[in-house]
Each structure stands twice: as structure tokens, then as C-alpha cells.
Amino acid sequence: MSTITTPTTSKQGLQKNGHPAPRSRRRVEPIFYLFLVPSLILFTLAITIPGIMGIFFSFTNSIGIGDWEFIGLTNYIAIFSDPAILQSYLFTFGFSIVTVIAVNVVAFLLAVGLTSRIRMKSALRTIFVIPMVVSGIIIAYVFNFLFSNSLPSLGAATGIPWLESSLLANPDLAWIAIVMVTAWQAVPGALLIYIAGLVAVPGDVYEAADIDGASKFQQLLKITLPLVAGYVVINIILGFKGFLNAYDIIVGLTNGGPGTSTRSIAMTVISGFNGGDYAYQMANATIFFVVAILISLVQLSLTRGRNAL
């Protein structure tokens, strides 16, 4: 005669109905709170609360001190008809796009060269990374001297007319000098990311391409670029977001001039704080904050599913 057994919970943690038994929550070690809480408090005091207060005052007529009144969306409406504000947005976005292209093209080509079979690769990588560790304002002042004194003197001595005047004094060409200096400092960061991507490409792929008779240029276009596409996307997005906040290099090179032709959004906001337009520039900063969030959302959508880094 067969015997009927009642179901019991197995050693694998099954309940009587056959479903897995719920796992008990892991206890959080107190040491985690010791590291988390101070950082959270500092972030809240230094970032979150000032940000909320800034958004609040953007709906007022405050000058930063003294009495204030609510004026609703007046500041926001005025911003969209302010030519100085619109010029700063136009310059910042145009400068960011051009600089991103220049940085990524130069950094990618350098990364290809520094991962090929050449001598002194480690020494060259160290040399190319040096601009990344130098302060932006120091770099700006050095290049300011070069553009304002050294290059015009060289142009006068050699009889080259277009070198005799400083790029920084030309409202139509000053942005080129800013792009050059910013790219000079930003290339090393992008270079390191590209080197990491190129090193991760399997060598078997190139060996197979050599057997098939593919040239080096064809390998670059058909193998290297597709395999490091994730790194390209990350570099473009990180670079673009970083260049939108350009401030120190522009201050050191042109201080927003000639006139206001090279004034970035960050410079416009900070100059407004110093000039008594606190609430007005807080509205400008809030709009810029929303733009940054939208760019971050684009970043998440483009990098979703990519495991490049």
C-alpha cells in the first residue's frame, strides 16, 4: 500500500505550495550609514537646499539681499526676449558642439596611434595626459599671453599679417581660440577612454581582417569604429555636458569679450549675481538646469544597454 506524504519545505527554501520562500532582508551594516549620512547632509546643505532656494527666488524680484516680492513668471518671460541671454545660449551651444567634435576627432586619432606598435607608448601617453591635471585658469592665462603677445610678435617678425593681431581681440574669431584651448585641456580625458576601448578590442578580429586583405583604413572604419561606438557616445555626451558649463578658460582668455561675443551661460549667470540681477539670473540658471536634465535623459536613452565602460 502506498503511503501519502504531506509536502514539507525543502532544504532549497520552498514553501508548502512549491513557491520559493521569501528571503529575509539583509541587515545593513552601521558602517554604511557612517559613510552615507555625512555625505548626504553635506550634499543637502551645499547643493539641494541652495538649489531649491534659487528656484524659489527666481519667481521674485530679489536682488540677493533685502526685501522682495513675488512677480510670477516675469523673469522667465523677460529671458526669452533678452538678446544678451539668447546670445550666451547661442555661443555656449555652438562652442560646445564644435569643441566636442574637435576633441573626439583628435583624441580618437591619438588613441589609435598610442595603441599601435610604436616605441615609447607609455611615455607618450603620460605626456599627452599632462594638460588634464593643470588648472583651467592657469592654462587660460598662459594661452592668453601667447595669443596676445607671442604670436603677434612672431607675426610682425615674419611678416605674416594675420598673426600680427590677437585672435582674442577679434569678436568674430575669439571663439576659435577658446575652442583650441578648451580642446587642448579636454583631449586627455577623452583619450584615456578611447585607449580603454581600443585595448578591449580582440586582436583576433584584426588578424582575420589582415588575412582577408583589408587595409588599415578599412579596418579602422569597419572594425575599430563599430566596436568602440559605445565609447564614442559616452565621450560625446560627457564632453558636451562639460562644455556647457564652460567658465574658467573663457574668463582667463577673453572674460566674455570682445564685448559679449564669448560670454557663456555660466558667465552670464555669475555676472548677474554680482550686478544685482539675482532673481533674474536665478531664472536663467533654472532654465539651464532644465536643459541639463533633458540632456541627461538623452544620455540615459543613448547609453542604455551599452556596457562600454
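Analysis parameters
- Residues numbered from 1 in each chain as written.
- Predicted model: local features only at pLDDT ≥ 70, side-chain atom pairs only at ≥ 80, totals over all residues.
- Heavy atoms only, no water.
- Helix = DSSP H or I, 4+ residues; strand = E, 2+ residues; numbered from the N terminus.
- Buried < 20%, exposed > 50% of the residue type's maximum accessible area, 1.4 Å probe, protein only.
- Contact = heavy atoms within 4.5 Å.
- Areas by Shrake-Rupley, 256 points an atom, 1.4 Å probe, with all protein chains shown as cover.
- Polar contact = N/O pair within 3.5 Å; in protein donor to acceptor, adjacent residues only side chain to side chain.
- Expected span 1.5 Å × (residues − 1).
- Bend = angle between axes of the 7 residues up to and from the residue.
- Phe/Tyr/Trp six-rings, centres within 6.5 Å; stacked < 30°, edge-to-face > 60°.
- Axes fitted to C-alpha atoms, helices over the stretch in contact; angles between N-to-C directions.
- Parallel < 35°, antiparallel > 145°, perpendicular 65-115°, else oblique.
- Left-handed = near helix turned anticlockwise from the far one by under 90°.
- Core = buried A, V, L, I, M, F, W, Y, C linked by side-chain atoms within 4.5 Å.
- pLDDT = per-residue confidence, 0-100.

Let us now look at the overall build of the protein. In terms of regular secondary structure, the protein is built from twelve helices and zero strands. Shown N-terminal to C-terminal, the secondary structure of the protein runs as helices and strands in the order α-α-α-α-α-α-α-α-α-α-α-α. Across the 309 residues in the protein, those meeting the buried criterion constitute 32%. Taking all contacts inside the protein whose residues are at least 6 apart in sequence as the whole, residues at least 24 apart take part in 68%. A total of about 19,400 Å² of accessible surface is found on the protein, and carbon and sulfur atoms cover 68% of it.

Tracing the backbone through its elements, the reader meets Ser 166 in the loop between helix H5 (136–158) and helix H6 (174–199). At a separation of 3.1 Å, a polar atom in the side chain of Ser 166 contacts the main-chain carbonyl oxygen of Phe 147. Beyond its immediate stretch of four places on either side in the chain, Ser 166 contacts Phe 147, Ser 148 and Pro 152.

With 23 residues, H5 extends 31 Å from end C-alpha to end C-alpha; this agrees with the ideal 33 Å at 1.5 Å per step. Along H5, the helix axis deviates most sharply at Leu 146, where the bend reaches about 35°. Of all the positions in H5, only Gly 136, Ile 139, Ala 140, Phe 143, Asn 144, Phe 147, Pro 152 and Gly 155 are classed as buried.

As a further point, take the environment of Asp 172. Note that Asp 172 resides in the loop between H5 and H6. The spacing of Asp 172 and Ser 261 is 89 residues in sequence and 7.9 Å in space, taken between C-alpha atoms.

Bringing the side chain of Ser 58 into the picture now. With respect to the helices and strands, Ser 58 occurs in the loop between helix H1 (30–57) and helix H2 (74–79). Looking at Ser 58, the relative accessible area reads 0%, which means it is buried. Among the polar contacts made by the side chain of Ser 58, one reaches the main-chain carbonyl oxygen of Ile 55 at a distance of 2.5 Å. The contact partners of Ser 58, leaving out residues within four places of it in the chain, are Gly 72, Asn 75, Tyr 76, Ala 279, Met 282, Ala 283 and Thr 286.

In this section: unusual backbone geometry. A cis geometry characterises the amide bond from Gly 257 onward to Pro 258, with omega recorded as -5°. Residue position: Pro 258 is located in the loop between helix H10 (248–253) and helix H11 (265–274). Non-glycine residue Asn 255 carries a positive phi angle of around 55°.

Attention now moves to the packing of aromatic side chains. In this description, an aromatic ring pair is defined by two values, namely the gap between the centres and the angle between the planes. Applying the stated criterion to the full structure yields 16 aromatic pairs. Residues Trp 68 and Phe 70 carry aromatic rings whose centres are separated by 5.4 Å and whose planes lie at 90° to one another, so their mutual orientation is edge-to-face. One aromatic cluster in this structure is built from Phe 56, Phe 57, Trp 68, Phe 70, Phe 273 and Tyr 278.

What follows deals with the packing of H6 against helix H9 (residues 229–244). In contact at an axis separation of 10 Å, H6 and H9 are set at 155° when each is read in the N-to-C sense. Relative to H9, H6 is oriented roughly antiparallel. The two elements H6 and H9 cross, and the hand of that crossing is right-handed. Here H6 contributes Thr 182, Ala 186, Ala 190, Ile 193, Tyr 194, Ala 196 and Gly 197 to the contact with H9, which in turn contributes Tyr 231, Val 232, Asn 235 and Phe 243.

A few words on the nonpolar core. One recurring pattern in soluble globular proteins is that nonpolar side chains are buried together. Ranked by size, the top nonpolar core spans 47 residues in total, and within it Phe 95, Phe 147, Val 181, Tyr 194 and Leu 253 carry the most contacts. At the level of secondary structure, the elements contributing two or more residues to this core comprise H2, helix H3 (83–114), H5, H6, H9, H10, H11 and helix H12 (278–303). At twelve residues, the largest contribution of residues to this core is made by H6. Among residues more than four places away in sequence, those in contact with Val 181 are Ile 139, Phe 143, Phe 147, Ile 249 and Leu 253.

Below, the discussion takes up the confidence of the model for the protein. Model confidence for the protein is summarised by a mean pLDDT of 84, while 90% of its residues fall at 70 or above. Scored below 50 in pLDDT, residues 1–12 shows four contacts in the model against residues more than four places distant or in partner chains.

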